[in-house]
Amino acid sequence: MIKLTKYFLMVVLVLPVFFGCTGNASTVKSDDDVEKRVESLLSEMTLDEKIGQMSQVDPGVFGGLENLKKVVRNGQLGSVLNLIGAKEVNELQRVAIEESRLGIPLIIGRDVIHGYRTIFPIPLGMAASWNEDLVRESAAIAAKEAASMGINWTFAPMIDVSRDPRWGRIAESAGEDPLLNSMVARAMVQGYQGDDLSDPLTIAACAKHFVGYGAAEGGRDYNTTVISDLQLHNVYLPPFKEAVKAGAATVMTAFNEINGIPASGHKHNIRDILKNEYGFDGFVVSDWASIQEMISHGFARDLKHAGELGLAAGIDMEMASRSYNDYLKELLDEGKVDMEWVDDAVARILRIKFRLGLFDNPYVDESLADSLLVNVEHLKVARKLAEESVVLLKNENQVLPLKKGTKVALIGPMANQPYEQLGTWIFDGDENDSQTVLEAFNAFNGDNNVFFAEGLEYSRDKSTKGFAEVERAIAQSEVVVAVVGEEAILSGEAKSLAELDFVGAQGELLKLAASKGKPVVMIVMSGRPAGLFKTQHLAKSILYAWHPGTMAGPALANLVFGETVPVGKLPVTFPKGEGQVPIYYAHKMTGRPADASTWTHIDEIPVQAVQHSLGNTSHTLDYGFTPLYPFGYGLSYTSFEYSDINISAKSLSIGESLKVSATITNTGDVEGAETVQLYTRDLVGSYTRPVRELKDYQRVTLSPGESKEVVFELNSDQLGFYFPDGEFVVEPGDFHVWIAPNAAEGLRAEFELQ
Ligand code: BGC
């Protein structure tokens, strides 16, 4: 029962009369209605209660539930994160509703990043599916499962464009491209929030980390970023704009500084761009203590000053640190912050709580979890998304797929790791639900055909004592499947690496496997693009699986044995080595563009080469200028031919669109699906433009021998870009357009924008 607080009585009894409606006000959810309720509630609140709404704490850090209840009862808390259990949430919510003066419900946050109990592939893997519907569905499932435990707010999606595989958090992102990150942003926001945020099985999304976090210098987490305004607007901001457009309820600021100003104290970015220009009407939460951390940054003198800067910048709710709680009153008295900012922040928080339906329906049905957690339907989607996230990088002699019944030596430290296959940020995943590659191979191929020998106990294991067993397994087999990579703990927050090569003795294990004269299939489970340069020649086939989640085993068994044909495409460029980082497809041309004719590999340079005898273009002597695998790359068990690129007009005017098409033919023996990509290049701009930019993509499924025309509509708006001041400009001029299987290939046509 909801306690009939003063506020509740006013809403139910007074407001309907006042606003001339006779229905039950608590069930009306129109925006107008919400705004009226926000305004009315705000006018009832004391300053202490307002400041309370702007604070979020973690019960663990705050000294337990009883302590928490005290501040909730006093109306001094707006949100908790990491409160676990439907019963516990209801208990605390009851204190908020029944025992606090105004009965304002709490919003309960949690990192539900790639699934709650059912774990989907890490976000980088999801992005590799390029499948918006499936990503949306996974987020909707995660929302349901989380909601059944009383969570009504997730800190996802993370949509930080990341171009550095050393950065551990690349695992949580959608990779290097603004369009692909925007796709994931939209899909996840829609998935978590559904059509109706007040539905008890949807939760509020949080687009994070605003902004530029992925540009950490040297790939070291939390590090400084130097981002030009041109890059900020064209690369890092677009996914956030898309998340706002999709209705993201909240946005989280980042830990990093940008060009000297911490992201959590960046008034221009938060107030001017996000709130004013994008029209974001939800609330902004800091990252964990990121307001307080402005002291370490050397931007705030002390906690009080940090609070002043955080509020001035536009952070509405403070996570974990207590500057608002401790100092906002004083800051207001001293006239250092405006009451208007406080009211705006509280209004935003209340708005989201109203939209979530928390005032009308604050409690979670404690029986829901029984049917929602560990649900077969959820596992099916997890398997499908895991399958689609895997990228086939190599398949010499069509070693894959294997025939059922093939004698397989299954080796490698990641082949039977129920916990590690889940990846980073899986607070609520359960390794007991996981199905491993070993289990799935045994089930699918018959355990008498699977000879399992890990070789290494874990990825960093340098001991070769298990290699003898590996040799015995290989001796009994026709094919070797080596599952290598890195454990979950080696990627994610603060888990950056300087080197990308496989850790431990995995390189030696692969060498041993390759030396036996039997084809080696490499499956890589990793939170980042691993350094494959030195080992990939040892394998005939490579399936890049990221961390695939709960259903890793069945998904990979289906792919290896050809029940499913790979469709994944890389969401990020694979460098030849860390020395090539950053390397990404949408780079600039330079005044001396690299090309093969001007590059001499270091091993080929004559002993006494004369200075200037080599080509002076943009490359490195050892790696050249091409990556190991380009963005958008991914093979299938069949092959596709691209032909007959066509454009409907040689020119278009601003405001118009044209059609670009090409014929895609399945030239192989099995049905397969291809993600066909549309890229453009603006040849001359007031600011130089990237050599290619992804504009669109479509998946086409083809039977053997079948051809289909794939048609893209390209409008002039897709050809514009942001000037450094944030103005979006469509400039007339000449363009190239490609219909392509990846960022390094494709059919090209030209047109003019008039
Ligand atoms: C991370 C956020 C996360 C928050 C709450 C921080 O350390 O950067 O992404 O949402 O913790 O757990």
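In this report, the structure presented in the accompanying data block is examined.

Thresholds applied
- Residues numbered from 1 in each chain as written.
- Predicted model: local features only at pLDDT ≥ 70, side-chain atom pairs only at ≥ 80, totals over all residues.
- Heavy atoms only, no water.
- Buried < 20%, exposed > 50% of the residue type's maximum accessible area, 1.4 Å probe, protein only.
- Helix = DSSP H or I, 4+ residues; strand = E, 2+ residues; numbered from the N terminus.
- Arc of directions from axis to C-beta.
- Contact = heavy atoms within 4.5 Å.
- Phe/Tyr/Trp six-rings, centres within 6.5 Å; stacked < 30°, edge-to-face > 60°.
- Pairing = 2+ DSSP bridges.
- Polar contact = N/O pair within 3.5 Å; in protein donor to acceptor, adjacent residues only side chain to side chain.
- Near = heavy atom within 4 Å.
- Areas by Shrake-Rupley, 256 points an atom, 1.4 Å probe, with all protein chains shown as cover.
- Nonpolar A, V, L, I, M, F, W, Y, C, P; charged D, E, K, R; others polar.
- Axes fitted to C-alpha atoms, helices over the stretch in contact; angles between N-to-C directions.
- Core = buried A, V, L, I, M, F, W, Y, C linked by side-chain atoms within 4.5 Å.

**Some thoughts on helix α15 (residues 323-333)**
Here's step 1: Taken together, the buried positions of α15 are S323, Y324, L328, L331 and L332. Each buried residue of α15 sits inside an arc of 100° when the element is viewed along its axis, so together they form one side.
Here's step 2: Packed against the buried residues of α15 are α3 (47-53), α14 (303-313), β10 (318-319) and α16 (339-355).
Here's step 3: Looking at the residues trailing α15, positive phi occurs at G335, about 70°.

**Considerations on the packing of aromatic side chains**
Here's step 1: For the structure on display, the rule yields 25 aromatic pairs.
Here's step 2: Geometrically, the ring pair formed by F574 and Y629 is edge-to-face, given 6.4 Å between the ring centres and 80° between the ring planes. Taken together, the positions of F574 in the loop between α22 (552-560) and β17 (640-647) and Y629 in the loop between α22 and β17 put the pair 55 residues apart, joining distant regions of the chain.
Here's step 3: With relative accessibility at 7%, the residue Y629 sits in the buried group.
Here's step 4: The rings of W130, Y585, F631, Y679 and Y697 are connected pair by pair, giving a single aromatic cluster.

**Re the environment of D281**
Here's step 1: Assignment of secondary structure puts D281 in the loop between α12 (267-277) and β9 (283-285).
Here's step 2: Between the C-alpha atom of D281 and that of R351, which follows or precedes it by 70 residues, the distance is 8.5 Å.

**A look at the pairing of strand β14 (residues 479-485)**
Here's step 1: Counting buried residues in β14 gives seven out of seven residues, a clear majority hidden from the surface.
Here's step 2: Side chains V479, V481, V483 and G485 project from β14 onto one buried face, and the interleaved V480, A482 and V484 project onto a second face that is buried too.
Here's step 3: Sheet topology note: the strand β12 (residues 408-411)/β14 ladder contains four bridges and is parallel. Considered in β14, the bridge of A409 is made with V480.
Here's step 4: Taken together, the six bridges between β14 and strand β15 (residues 520-525) define a ladder with parallel strand orientation.

**Comments concerning the side chain of E132**
Here's step 1: When you line up the elements, E132 lands in helix α8 (residues 132-147).
Here's step 2: By relative accessible area, E132 is classed as buried at 19%.
Here's step 3: Here the side chain of E132 touches R186 through a polar contact of 2.7 Å, side chain to side chain.
Here's step 4: Excluding residues within four positions of it along the chain, E132 makes contact with M183, R186 and A187.

**As for the site of the ligand**
Here's step 1: Near the ligand there are 13 residues, and of these D111, R169, K208, H209 and D287 occur at the shortest range.
Here's step 2: A distance of 2.4 Å is found between an oxygen atom of the ligand and a side-chain nitrogen or oxygen belonging to D111.
Here's step 3: Between the ligand and K208, the relevant distance is 2.8 Å, taken from an oxygen atom to a side-chain nitrogen or oxygen of the residue.
Here's step 4: Protein coverage of the free-state accessible area of the ligand, which is 310 Å², stands at 93%.
Here's step 5: For the shell around the ligand, the residue count by class is seven nonpolar, one polar and five charged.

**So, the sheet that holds β12**
Here's step 1: Ordered by their spatial adjacency, six strands build an open sheet running β11-β16-β15-β14-β12-β13, and the pairing between neighbours is mixed. Whereas interior strands pair on both sides, the edge strands pair on one side only; in this sheet they are β11 (391-395) and β13 (450-453). If you compare each strand with its neighbour and ignore which way they point, the axes differ by 15° on average.
Here's step 2: When β15 meets strand β16 (residues 541-544), the two strands line up parallel, connected through four bridges. Across the sheet, V524 pairs through a bridge with Y544, a residue of β16.

**Section: the nonpolar core**
Here's step 1: Grouped together as the largest cluster of nonpolar side chains are 123 residues, with contacts concentrated most on M54, W153, Y192, L328 and L350.
Here's step 2: Considering every element that reaches this core, the biggest residue donor is α16, with nine residues.
Here's step 3: With 41 residues, the next largest nonpolar core counts I411, A530, I542 and Y629 among its residues.

**Thoughts on the sheet that holds β17**
Here's step 1: Within the open sheet, the three strands sit side by side as β17-β19-β22. Their pairing is antiparallel. The open sheet is flanked by β17 and β22 (707-715), the only strands paired with a single partner. Each strand of the sheet is rotated relative to its neighbour by a mean of 25°, with strand direction disregarded.
Here's step 2: Bridge count between strand β19 (residues 657-666) and β22: nine bridges; the pairing is antiparallel. Paired with A662 across the two strands is V710, which belongs to β22.

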